[in-house]
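What follows is each chain in one-letter form.
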Amino acid sequence: SITRIGQRITVSSHPKDQHFKPARGALYSTPFDLDLYNDNNDGDDDDSNIDDSEQEDLRPPLAAPPSTQLILGINKYSHDTTLCAADAQTSQVLFAVSKERMTRSKHDGGNIASLVETCLDVLDLDLENVVKVVMNNHHHRILPLVEGDVDHMEWEEGLGINGGVEEGYSDEYNVLESIDDKMELSHHLAHAYSVCAQAPFDTGMVVVMDGMGETYRVMKKAVEMGDETYVSDFTLCNNDDDGEEIEIVPRNLEELAAKSYYDWREAESVYTFCKDESGLKVKPIFKRFTQENSPPTLYNHGFENMDSLGALYSRASSHIFGDWNACGKAMGLAPWQDHAWDSEKEGEMKQRIIPEMIDTPIVEGTLYKDGDLKINRMSMKGMPFISRVDSDMFDDEGNMIRTKRYDFDDNDYKGPTEEKDGNEEKSSESGSTTIAEKQLPTRVALDAIGLAARMQTDLETVGMDFVKHFKEQTGETNLCLAGGVALNSVLNGRLCRELGFENAFVPPYPGDDGVAVGCCAYGLFGGQAGEEKTAPKLWNEPLSPYLGPLPTLAEMTEAVAWAEPWLDVEIIKDEKRRIDILVEEISSGGVVAIYNGRSEMGPRALGHRSILADPREKGLVRFINEFVKKRESFRPFAPSCLAEEASDWFDLGDYAAAANNNVSPFMSLTAQVTKSKRDKIPAVTHVDGSSRLQTVTPEAEPFYHKLISAFYKATGVPMVLNTSFNTLKSEPIVETPRNAVRSFLSSMGTIEILVMGDYVIRRKDANVRRLLGEEQKNGLMTQPSFPIRAGAVDYKNTFTVDKDDISETKTVVRMPGRPMHNPKDEWFELVDDLEGQLLGLCDGSNGVNEIMTQFAAMTGDENQQFDKITDYDQVLFENIIRRLIRLNEHTLISW
């Protein structure tokens, strides 16, 4: 037997498993290596016989001219490590991507060695092309690299804090020591530049609200020391010819900071800006600081107890979901406050279930008046909701029946009506899905709704008052929003519609990934207003969000070949035909995925890495949440709507006309669905009648606009349901073609079609007739197939013995070579020992008959004849086939 009790063994894969061999090794610490496909000369690297035109053809698709001078903007060491690269002469942004897309770890932080290498690979440039680097890390200063002969980050590296133990931490591509022109930009100022530099208007007000920014002492000391490598709001005020000072709250901050053991950090900031022939000028107007409440670095600077709006919202997110960065989920939970459910438990009177609102505000008052803000954290103390286990999560016998505490439907949800043959839980042995009955919210879910609603209400009340105050004070009529709080599309929508702004702009990356764009913008335009030297051309319109790597045909072809045994692939070069296939599938209730062109920068999928479905089908909300995305069923979905039709379906406010209805191209605003249209698009209408809207124009995204237009023509509905293309828990949006194929396969058939470039991909069913040699080709029966493993496999066995001395064995396997391998959840649990033994026998040399014979030998009946089928033989045969199908569906074997 292959399985060894209490041991781990490794079984090698068959030589035929090796689908692809890279041309040369990957660069150090670079997970995304475009050089992989550039030569196929079996190791011959001599390019001396290649003429210039052929050499040009070998360059990556985004290659820049060799003489290009790069300015890099970088957010490093903190969460959402990101890089943005621009041409220093033309100011064109050439490349931008977040580290999470490379490492597949959401909000990944740490060093930027891999990002710099990836950037230079994509642009086919070298470090010598980099002429300036502008950076931010709001945890601590980055420069100087060495202080008093001691490495600046030696302590953190030793403790493994902020990515210090990660490979590449001291790599030249991370420290960039060879680049002479390096500087730092303070956190909120970087946020401000990320939005005002690309705003589609020349003057306006920028409001930055987030969890925590730069420290007061660092900003103050840099000015006092005349540090030219660090620029903050205080630097700008010190250099301001007008002599105006920034308004600071608390007013006596200098005195407080002198007495405080810990530092104070940026909470909310306001700026004005002006773009003209002399350049871009940004002027700090207001800044509120919040105190740190625990030792720096050791426990996130006391972030969970800070008094910024962003930190308070994150505290609520932590209390509900156990994740400070799940604020978007809390925003989606809040509207359930006004929903009611009918309890229909057997033997009980029907009762109305309504979430209880928390009466006492968490935060109230004003941000701009010293000492006026009042904060009450009592509703966020004690046992966090994510850890609470209430009695309604158990049945009468004490068995836990509600493991998903936030899984619930609205009161109108209709469960399945099909017969279940007495089996309420249809077999999921082969990965099939079962539509659940309507779920009522647990007690802890009701409490979580109350907390989320209270926090969202307070955020809107205080935030609206804050922005309104400075609109009146500055007289500005155009609004820009940045900082993590600007990811709250509900607040954004109200600010834009209700405060009388003529124009509003929110970038696709208002969070800390946008800091890299702000640093890059400062490197291009900062400090140049009024100077005589020639400055790069200002950005006069928003940057495209599609700034990531451009997958090549070779990469897509390789990804398809990698998973070919499990894919049914068709190459369709006719774009209209591909669109027609997608529209037909979506309009018939299917779920599809598209992988098209360069990836989006920012947390929202905007039609290049998206999962799409029919907004008319309400049942798709639970289906996609539970089976495709594998997340809580309460979460809403966004519509991608033709901009020219949006005003007929959504309340866009008075300012929409000035924007030609293209008010939310980056899914930044939430709007109310027109009441008469809500029944027509229930899958993208949240319980309060709202939708987080993306407006789509043919100029910004031609293919996506054509797709939605075709769906509109077929159905009369000018939008599709759009959610990010990622089906593995805690992973960000897919980046590479392999990511896309793996995510598609991991949906276990719930995504019907993946369109990737010209490839139209469906999941291939396990062909049992081919396995058994019962398939006909050209009138002849085919030979039986021999199942083969997808790669080397590790086995691990564990024993469990209960109080009655009854033992249970569990076998798990790890196969990194299979397309569905998940590095974060490496071990795949097998059904039983039979499945483990079958996997070991699948070496490409055994058909089903040979496998049956080997099992007969194991039972001691080696001479058994299979022309007389016994009941035992039939059961064994069926069990073998069933398990081979399961192993195939999870990409452990193919035939």
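Attention here is on the structure that accompanies the text. Since the model is a prediction, treat every value here as computed from it, not as a measurement.

A word on the side chain of Asp409
Then, number 1: Note that Asp409 resides in the loop between strand 17 (374–375) and helix 12 (443–474).
Then, number 2: Take Asp409: its relative accessible area is 4%, and that puts it in the buried class.
Then, number 3: Separated by 2.8 Å, the side chain of Asp409 and the backbone nitrogen of Gln439 make a polar contact.
Then, number 4: The contact partners of Asp409, leaving out residues within four places of it in the chain, are Trp336, Trp341, Glu437, Lys438, Gln439, Arg622 and Ser633.

So, the pattern of salt bridges
Pairs can form between side chains of opposite charge once their charged atoms are near each other.
Then, number 1: Counted according to the given criterion, the structure contains 42 salt bridges.
Then, number 2: Two residues, Arg101 and Glu735, come together in a salt bridge whose shortest N-O distance is 3.7 Å. Of this pair, Arg101 sits in helix 2 (residues 99–103) while Glu735 sits in the loop between strand 27 (719–724) and helix 19 (737–746), and the two are 634 residues apart along the sequence.
Then, number 3: A residue is classified by how much of its surface remains accessible, and Glu735, at 1% relative accessible area, is buried.
Then, number 4: Within this structure, Asp407, Asp409, Arg622 and Glu626 form a network of salt bridges that share partners.

Considering the sheet that holds strand 4 (residues 93–98)
Then, number 1: The strand order across the open sheet built from six strands is 4-3-2-5-8-10, with neighbouring strands paired in mixed fashion. One side of each edge strand has no neighbouring strand; the edge strands of this open sheet are strand 4 and strand 10 (230–231).
Then, number 2: Pairing of strand 8 (residues 182–185) with strand 10, which is carried by two bridges, proceeds in the parallel orientation. What sits directly across from Leu185, in strand 10, is Val231.
Then, number 3: Those strands touched by helix 3 (residues 113–123) are strand 2 (70–75), strand 3 (82–87), strand 4 and strand 5 (130–136), and its axis lies near 145° from that of strand 4.

Quick word on the sheet that holds strand 19 (residues 503–505)
Then, number 1: Strands sit in the order 11-13-12-9-18-19 across an open sheet of six strands; the sheet is mixed. Whereas interior strands pair on both sides, the edge strands pair on one side only; in this sheet they are strand 11 (247–249) and strand 19. Geometrically, the sheet is characterised by an average inter-axis angle of 20° between neighbouring strands, direction not taken into account.
Then, number 2: Here strand 9 (residues 203–209) runs beside strand 18 (residues 478–482); their pairing, made up of four bridges, is parallel.

Calculation criteria
Residue positions are given per chain, counting from 1 as you read along its sequence in written order. Only residues with pLDDT of at least 70 are given local features in this predicted model, and only at 80 or more are side-chain atom pairs given and counted; all residues enter the totals for whole chains, interfaces and linings. To obtain the side-chain values, all non-hydrogen atoms of the structure were included, while hydrogens and water were left out. A run of H or I in DSSP becomes a helix once it reaches four residues, and a run of E becomes a strand once it reaches two; helices and strands are each numbered from the N terminus. Summary of the burial criterion: residues with accessible area below 20% of their type's maximum are buried, those above 50% are exposed, and those between are partly exposed, where the area comes from a 1.4 Å probe applied to protein chains only. For this analysis, a polar contact is any N or O atom pair within 3.5 Å, provided that within protein one partner can donate a hydrogen and the other can accept it, and provided that sequence-adjacent residues contribute only side-chain to side-chain pairs. For this analysis, residues touch if any pair of their heavy atoms sits within 4.5 Å. We define a salt bridge as a side-chain nitrogen of Lys or Arg found within 4 Å of a carboxyl oxygen belonging to Asp or Glu. Pairing between two strands is assigned when DSSP locates at least 2 bridges connecting them. Axis angles are defined between N-to-C directions and span 0 to 180 degrees, where every axis is a line fitted to C-alpha atoms and, for a helix, only to the segment in contact.

Fair warning: the whole summary comes from geometry, so function is off the table for now.
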